Amino acid sequence: MSETGRSTWRRALRRDWQLYSLAVLPLLFFLTFRYLPMLGNVIAFRRFQPGGSLFGEYWTGLRYFRLFLTDPTFWSVFTNTLVLGALTLLFCFPLPIVLALLLNEVRSRALKRFVQSVSYLPHFLSIVIVAAMVMQLLSVDGTVNQFLRAVGAEPVAFLQQAGWFRTIYVSSEVWQTVGWGTILYLAALTTVDGDLYEAARIDGASRWRQTWHVTLPGIRPTMMTLLILNIGTFMAVGFEKILLLYNPLTYPTADVISTYLFRVGIVSGNLSYAAAIGLFEAVIGLTLVLSANAISRRAVGTSLW
Amino acid sequence: MSVDARARGRASRPRGPRPTRGYRIFQAVNAVVLTGVVVVTVYPFLTIVARSLSDNAAIVAGRVNLVPRGFNLTAYRVVTSDPAFWVSYRNTVVYTVVATLVSVVLTTCYAYVLSKRHLRGRTALVGVAVLTMFFTGGLIPNYVLVTSLGLKNTVWAIALPNAINVFNLLVMKAFFESLPVELEEAAAVDGLDTYGTLLRIVLPLSKAMVATMVLFYAVSFWNSWFAAFLYMDRQDLLPVTVYLRNLLAGATDATQTGGGLGSANDVVQSAATIQSVTIVLTVLPILAVYPFIQRYFVSGIMLGAVKG
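Residues numbered from 1 in each chain as written. Chains lettered and ligands numbered in written order. Predicted model: local features only at pLDDT ≥ 70, side-chain atom pairs only at ≥ 80, totals over all residues. Heavy atoms only, no water.

A.B. asks: I would appreciate a short explanation of the overall build of chain B in the present structure.
C.D. replies: Tallying secondary structure elements over chain B gives 15 helices and 0 strands in all. Expressed as a percentage of its 308 residues, the buried residues of chain B come to 47%. Pairs at least 24 apart in sequence give 73% of the contacts found in chain B among residues at least 6 apart. Per element, the accessible surface of chain B, about 14,300 Å² overall, is 66% carbon and sulfur. (Helix = DSSP H or I, 4+ residues; strand = E, 2+ residues; numbered from the N terminus. Buried < 20%, exposed > 50% of the residue type's maximum accessible area, 1.4 Å probe, protein only. Contact = heavy atoms within 4.5 Å. Areas by Shrake-Rupley, 256 points an atom, 1.4 Å probe, with all protein chains shown as cover.)

See the structure below:
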């Protein structure tokens, strides 16, 4: 068995060595920049010294994990992560479906295409640009405060108040992602069998009931797939955007696990401690995807793998 | 992807002999809602452009909305006469070109290998890539790695760690798989080896796909800021996104420390015009290519979704 296995490998190598040679550099990339960092997580269990070994100096066991489990800041950023993740899921998952259904009812193809093209424009912007626009719109002399002043209210320094951060974060997230999110749903909508609508119509279903009983079940596999993917990114809430938008005044609601580990690790240099937090976050994220996938497979028969 | 064809089929789907009154009301409401979506999406762009062209005093007074007040190009002159801005702009161009080149070459090579169904070990090679979509090393180990490889303050800190995007890889692999096998067999019969087939037969047939990949990568590298923010210590190495980020961060500090002081407020306000101009100039290349790229992106994301 192993003898023949080895000889077919040898034959494959002789025949396809040029193909294998093309894979060398990409594989080197994956090993160095994807798999080595995974192993590099052992520094969460070891004492890392700057300039020292990639994998740390000596074992510390679970010291860093114990450290953050008793760290009050950790629990506050943990809560913030959950709240922001939940809010993002609550708004950024269903709204593309709604927009896709609305677009689907537009008769004029030109209009439909125009609305679509405009709505996914923000997806192509740098997160820095989005943050900059948010700051300009919400500044004291910005649009929102102009409106407030016009209705006789006091201007609000939105970005300096912790109470506003979640609203700002989620609405800018919706602004940037909703149009792009509709693409897959619109594609899925085109595959719904037209005969089903006809049958529903003959049974006397109104348009609303057709949407409820034909359209939505028709795109359910797409919805489930995207839901699982969304849950997978639950813990990794908009790290870059938060980093750009938050400031010490809004830390109480804006600081999430990833921004905290950025400050602890990169700004303050406690790399082992930050790695432990990062590993914890990644494990929760992975657990979430795996369980969402398993639940979805059992409940509706759709899964990522 | 014949999405358009399918969309047309869908449009002609019978959905009732005549619209009811309720449905006509819905159509009207729908039109209003969708117009609202367009307005909300476009408004921030227009107001930034208006601010960039306005007089400082008008902005401070909160009078600038969609129309520039006290039209002038002073802020544009200030920004474009700042050498640091042009240095960062040039850096962005250089980083984008280098990183895109590396990415497209590596992605093409690996996608081509993965598209060969007969290849022994192909499943494992696909698995190596796909697994990284679900589990990654995380920020800190990556930072330690890039730092200890001595990539800090070089373009490679931006180009190498993100050289292959697995999603793009799968899109390209699907495309190569759709090419007729006979062509490459004929090339082999005519004596071309694998490299020759790739360079002289496959790539010329894949111009549209390669162009799409160039756009995918170029847009993402043009927009990226975090890698440079982490790994570039020197002012003269920053890309324009980080230049803009530093402008923003500076303004925030000024608002915090200046609190109410007239002079500090002036700094903030002039910063607002400068920021608007920088936003406009940074986003301009993206807006210029947007009409050409968005179609490719759309078919790309659907191809990727189909292949999973």
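Structure's up, so let's keep going.
A.B. asks: Even after reading the chapter, I still don't get a nonpolar patch on the surface, so can you show me in this structure?
C.D. replies: Together, A:Leu90, A:Phe91, A:Leu95 and A:Val98 make up a nonpolar patch on the protein surface, roughly 340 Å² of accessible area in all. Those elements that place two or more of their residues in the nonpolar patch are α3 (72-92) and α4 (94-104) of chain A. (Patch = residues over 30% accessible without salt bridge, like charges linked within 9 Å, V, L, I, M, F, W, Y side chains within 5 Å. Salt bridge = Lys/Arg side-chain N within 4 Å of Asp/Glu carboxyl O.)

A.B. asks: So what exactly am I meant to see when it comes to the UniProt feature "domain: ABC transmembrane type-1" (unreviewed entry) in chain A here?
C.D. replies: Here, the residues flagged by UniProt with the feature "domain: ABC transmembrane type-1" (unreviewed entry) are residues 78-292 of chain A. As annotated, residues 78-292 of chain A has a helix share of 76% and a strand share of 0%, and its two end C-alpha atoms lie 20 Å apart. (UniProt positions renumbered as here; feature names shortened; annotations may be inferred.)

A.B. asks: I would appreciate a short explanation of the nonpolar core in the present structure.
C.D. replies: For soluble globular proteins, nonpolar side chains are generally found buried alongside one another. Membership of the largest hydrophobic core comes to 175 residues, with the highest contact counts inside it found for A:Phe124, A:Ile219 and B:Ile140. No other element matches the 15 residues that helix α8 (residues 162-189) of chain A contributes to this core. Non-local contacts of A:Ile219, meaning those with residues more than four positions away in its chain, are made with A:Ile97, A:Tyr185, A:Ala188, A:Leu189 and A:Val192. (Core = buried A, V, L, I, M, F, W, Y, C linked by side-chain atoms within 4.5 Å.)

A.B. asks: When you look at the UniProt feature "transmembrane region" (unreviewed entry) in chain A in this model, what are you seeing that I'm missing?
C.D. replies: The sites that UniProt annotates as "transmembrane region" (unreviewed entry) are residues 17-36, 74-102, 114-138, 178-197, 218-239 and 271-295 of chain A. Between the first and last C-alpha atoms of residues 114-138 of chain A the distance is 28 Å; the span itself is 72% helix and 0% strand.

A.B. asks: Could you clarify how one ought to interpret the interface of chain A and chain B in this entry?
C.D. replies: Contacts between the two partners involve 98 residues from chain A, matched on the other side by 105 residues from chain B. Of the roughly 9,200 Å² buried at the junction of chain A and chain B (both faces included), carbon and sulfur atoms supply 71%. Across the contact surface, chain A and chain B share 1 salt bridge. Of the charged contacts, one joins A:Asp141 and B:Arg51 as a salt bridge, the two residues approaching to 2.7 Å between their closest N and O atoms. Counting the contacts that link chain A with chain B gives 26 residue pairs in polar contact (both at pLDDT 80 or more). In terms of residues, the side of chain A that touches chain B owes the most to one element, helix α1 (residues 2-40) of chain A, which gives 26 residues. Looking at the side of chain A that touches chain B residue by residue, the class counts come to 60 nonpolar, 25 polar and 13 charged. (Buried area = accessible area lost by both parts, 1.4 Å probe. Polar contact = N/O pair within 3.5 Å; in protein donor to acceptor, adjacent residues only side chain to side chain. Nonpolar A, V, L, I, M, F, W, Y, C, P; charged D, E, K, R; others polar.)

A.B. asks: I tried to follow the UniProt feature "transmembrane region" (unreviewed entry) in chain B on my own but got confused; where do I start?
C.D. replies: Per the UniProt annotation, the sites labelled "transmembrane region" (unreviewed entry) are residues 25-46, 93-113, 125-144, 156-176, 208-232 and 272-293 of chain B. Helix makes up 80% of residues 125-144 of chain B and strand 0%. Its end C-alpha atoms lie 26 Å apart.

A.B. asks: Even after reading the chapter, I still don't get the pattern of salt bridges, so can you show me in this structure?
C.D. replies: Side chains that differ in sign of charge can pair as their charged atoms come close. Residue and element names in this part refer to chain B. Overall, the coordinates contain 11 salt bridges over all chains when judged by the stated rule. Arg234 is the partner of Asp236 in a salt bridge, and the nearest nitrogen-oxygen pair spans 3.2 Å. Taking relative accessible area as the criterion, Asp236 reaches 40% and is therefore assigned partly exposed. Each of the salt bridges in this network shares a partner with another, and the network as a whole consists of Arg117, Arg122, Lys173 and Glu177.

A.B. asks: Mind showing me how you'd approach the side chain of B:Thr107 here?
C.D. replies: Here B:Thr107 shows up in helix α5 (residues 83-114). With relative accessibility at 0%, the residue B:Thr107 sits in the buried group.

A.B. asks: For this particular structure, what's the right way to read the packing of α4(A) against helix α5 (residues 109-119) of chain A?
C.D. replies: If you want to describe how two helices pack, look at the angle between their axes and the distance between the axes. All names here are of chain A. For the pair α4 and α5, interaxial distance at closest approach is 10 Å and the crossing angle is 155°. With respect to each other, α4 and α5 are oriented roughly antiparallel. The handedness of the crossing between α4 and α5 is right-handed. Where α4 abuts α5, its residues Leu99, Leu103 and Asn104 lie against Lys112, Val115, Gln116 and Ser119. Residue composition of the contact of α4 with α5, by class: 3 nonpolar, 3 polar and 1 charged. (Axes fitted to C-alpha atoms, helices over the stretch in contact; angles between N-to-C directions. Parallel < 35°, antiparallel > 145°, perpendicular 65-115°, else oblique. Left-handed = near helix turned anticlockwise from the far one by under 90°.)

A.B. asks: Is there a simple way to explain the packing of α5(B) against helix α6 (residues 122-134) of chain B in this structure?
C.D. replies: Residue and element names in this part refer to chain B. It is at 9 Å that the axes of α5 and α6 come closest, and there the two elements cross at 140°. Accordingly, the angle class assigned to the pair α5 and α6 is oblique. Touching Tyr110, Val113 and Leu114 of α5 are Arg122, Leu125, Val126, Val128 and Ala129, all from α6. Taken together, the residues of the contact of α5 with α6 break down into 7 nonpolar, no polar and 1 charged.

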